[in-house]
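A look at the structure
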Amino acid sequence: MNIDSLFKRIRGAAPISVSTLLLLAVLGASLRVSAAPIDQSLMPPVVERTISINDPQLGPMVFDALAAGDPSAAEQGKLILLLHGFPACDEEFREILPALAAAGYYAVAPSQRGYSAGARPTNDSDYTLDHMVGDTLSMATALGADRFHLVGHDWGGGVAWYVAAVAPSRLSTLTVLSTPHLDAFAAAGANPLSAQKEMSSYAKVFALPGIANILLSGGPKFFALGLVAFGLPLERAEIYANALKDPVALNAALAWYRANPLPPPTNQPIGPVIVPTLYAWGNLDFAFGANAAYHTRQYVDAPYQFVVLRGVNHWVADYEPERVIQLVTTQVQGDSP
C-alpha cells in the first residue's frame, strides 16, 4: 500500500481530505530547516531512567523516561517535568533536557501512559485525561518533588492545563506549547465562526478502530512518511514511528483519541488556572487555531505570558529546541521571554 492509498482509505472513513493532508505536507517541508543542533558535549548528559508509581485502580505502573541533571534538585523544588504528545515520546525533549539541567534543574521527560510498555492499560477508559493527571502528580512525587515546574506539548499540553487547574498547589510554573487551555479549546470548537472543529477533524481518523494496523501496514518508514504529512521533519518522524512500530504500542497511544473527544465538550470545563503560565503557540499550527489560542488568556487568573511564534507550526520542540529552552528557562526563573 502506498501513501496515496492510505490517504484514500482514511478519506473514506472520516471527514478529512487528501488535499488537506497534502497541504500539511507542503507546509511541513517548506516552513524552515531545522535549527542547528545544540552542542551536547558542553551540557550535562541525558540518561535513561524509569519512574514507578502505583495507580489506584491498576496497581504498579513503570514509565520510561529521559532525564538530565542532579536528581536531588527535585527535593529543592527544581524538578521540571516535560510531557509529550502524539506521536512523540520522551525523545521529543532530548535536546532540551541538558540545557535545563545546566540551569540547575532536574529535567525529566517521561514517555506517557500507553507509550511506556510498563504503563500500557488495555481499556480505552483508562486513557481519559484525569488518569494522566494522576500519573503526572504521582511521577512528581516519586521523583521527590512536592512542588514542580510543568511543561507540556500537544496531548501533554492538555494534561498540563488539567494538572494546573485541579492541583495548583503542586505547581510552581506552567509552560504549554501549542495546546490552548482546554476550556478555550472547547469554546472555539463550539463556535460556528471558528475553524477549530474542522481543524480537529483529523482526530476522528486517529480514533477509528483498527487504524493502528492501517498506519503500520507499510512498516515504520511508511508510517513516518504519514507523520511528515502532518508537518514533522523526517528525522523526527522516523524516531517517533520507530518507537510506535509495534501495533500494540501505537494502538495504546491512539487510545488517547478514542477516550477524549476533540475538541473537548463545553459541558465539562476544567476551570481557570491560577498558576503562573507561559503559553507559546505557532501561528502556522494545523491543530489549534487562533481563536482558542488568543482566548486562552481569559482562563488564566495568574501572571500570564502569551508568545506567538511566527512562522512556526505545531511541532515547536522539534523545529525550535533552542527557542523552547529559552521559553522554559525564563518561565521557571521568573523572567520575561
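Residues numbered from 1 in each chain as written. Predicted model: local features only at pLDDT ≥ 70, side-chain atom pairs only at ≥ 80, totals over all residues. Heavy atoms only, no water.

**Examining unusual backbone geometry**
Operational definition: A helix here means a DSSP run of H or I that spans at least four residues, while a strand means a run of E at least two residues long, and both kinds are numbered starting from the N terminus. Exposure categories follow from relative accessible area, calculated using a 1.4 Å probe and restricted to protein chains: below 20% of the type maximum is buried, above 50% is exposed, and the middle band is partly exposed.
Cis geometry is adopted by the peptide bond preceding Pro87, which originates at Phe86 and carries an omega value of 5 degrees. Summarising the element assignment, Pro87 is placed in the loop between β3 (79-83) and α3 (97-102). For the peptide bond that leads from Leu262 to Pro263, omega is -10 degrees, which places it in the cis range. Residues other than glycine seldom take positive phi values, yet Asp154 does so here, at roughly 55 degrees. Inspection of the secondary structure puts Asp154 in the loop between β5 (148-153) and α5 (155-166). The backbone of Ser178 shows a phi angle near 80 degrees, a positive value even though the residue is not glycine. Note that Ser178 resides in the loop between β6 (171-177) and α6 (182-190). Residue classification places Ser178 among the buried residues on the basis of a relative accessible area of 0%.

**Points about the pattern of salt bridges**
Filter applied, for reference: In what follows, salt bridge is the name for a side-chain nitrogen of Lys or Arg lying within 4 Å of a carboxyl oxygen of Asp or Glu.
Applying the stated criterion across every chain yields a total of 5 salt bridges. When the shortest N-O distance is used, the salt bridge between Glu91 and Arg94 registers 2.7 Å. You can call Arg94 partly exposed: its relative accessible area is 30%. When the shortest N-O distance is used, the salt bridge between Arg236 and Asp318 registers 2.8 Å. Taken together, the positions of Arg236 in helix α11 (residues 234-243) and Asp318 in helix α14 (residues 316-319) put the pair 82 residues apart, joining distant regions of the chain. Per residue, the accessibility class of Arg236 equals that of Asp318, and both read buried. Overlapping salt bridges bring together Asp55, Arg113 and Asp135 as one network.

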